[in-house]
Amino acid sequence: MRHMLAQLDPTQFLRIHRGTVVNLSRVREVHPMFKGGAEVVLQDGTRLDLSRRFRAGARAVLGLL
């Protein structure tokens, strides 16, 4: 996963879970969940978990949470 992330533009892609990377232009909403996690909703309605481990990075990039 790290090798793939190194090849992606960090201004356009964000790791939100151990095995999940999202294109930031596709993120529609972010909803806080229990125990520090959150849910990311994409433009097509897909719902993905944002783990506590990656929440701080998401906060900085998305300006949310």
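So, here's what we can say about the structure. Note that the structure is predicted; figures quoted are calculated from it, not measured. Position numbers for residues count from 1 along each chain, tracking the sequence in the order it is written. In keeping with the predicted nature of the model, local features appear solely for residues at pLDDT of at least 70, side-chain atom pairs appear and are counted solely at 80 or more, and the whole-chain, interface and lining totals rest on all residues. For the side-chain quantities, the full set of heavy atoms in the structure was used; hydrogens and water were omitted.

**Concerning the overall build of the protein**
- Helix numbering and strand numbering both begin at the N terminus, where a helix is a DSSP run of H or I of at least 4 residues and a strand a DSSP run of E of at least 2. Counting its regular elements, the protein contains two helices and five strands.
- Sequence-ordered secondary structure for the protein, helices as α and strands as β, is α-β-β-β-β-β-α.
- A radius of gyration in this sense is built from C-alpha atoms; the matching globule rule multiplies 2.2 Å by the number of residues raised to 0.38. The C-alpha atoms of the protein give a radius of gyration of 11 Å, which matches the 11 Å a tight globule of 65 residues would have.
- Overall size of the protein, expressed as C-alpha extent along the three principal axes, is 30 × 25 × 20 Å.
- For each residue, the accessible area found with a 1.4 Å probe, counting protein chains only, is set against the maximum for its type, and the residue is called buried under 20%, exposed over 50%, and partly exposed in between. A buried classification covers 28% of the 65 residues belonging to the protein.
- Every residue pair with non-hydrogen atoms within 4.5 Å of one another is taken to be in contact. Looking at the protein alone, contacts between residues at least 24 apart form 24% of all its contacts between residues at least 6 apart.
- Surface accessibility follows the Shrake-Rupley procedure with a 1.4 Å probe radius. Residue values consider only the protein chains on display as shielding. In the form shown here, the protein has an accessible surface area of approximately 4,600 Å², with 51% of it arising from carbon and sulfur atoms.
- The distance from the centre of the 11 positive side-chain charges to the centre of the 5 negative ones in the protein is 10 Å. Neither His nor the chain termini are counted; the positive set is Lys and Arg, and the negative set is Asp and Glu. Just so you know, the charge point we use is NZ for Lys, CZ for Arg, CG for Asp and CD for Glu.

**Describing the pattern of salt bridges**
- The term salt bridge refers to a side-chain nitrogen of Lys or Arg lying within 4 Å of a carboxyl oxygen of Asp or Glu. Inspection of every chain in the model, using the stated rule, returns one salt bridge.
- Ionic pairing is found between Arg 47 and Glu 39, a salt bridge with its closest N-O pair at 2.8 Å.
- The class of Arg 47 is exposed, set by a relative accessible area of 51%.

**Here's the deal with the environment of Ala 6**
- Within the fold, Ala 6 resides in helix α1 (residues 2–7).
- The exposure class assigned to Ala 6 is exposed, which follows from its relative accessible area of 67%.

**Regarding the sheet that holds strand β3 (residues 27–32)**
- Strand order in the open sheet formed by three strands is β3-β4-β5, with antiparallel pairing between adjacent strands. Of all strands in the sheet, those bounded by a partner on one side alone are β3 and β5 (47–50). Pairwise comparison of adjacent strand axes, ignoring direction, gives a mean angle of 25° for this sheet.
- Note that strand β4 (residues 38–42) and β5 share four bridges and pair antiparallel. Pairing between two strands requires that DSSP report at least two bridges joining them. Orientation is described by lines fitted to C-alpha atoms, with helices fitted over the stretch in contact, and by angles between N-to-C directions that extend from 0 to 180 degrees.

Shape descriptors only; they carry no functional weight alone.
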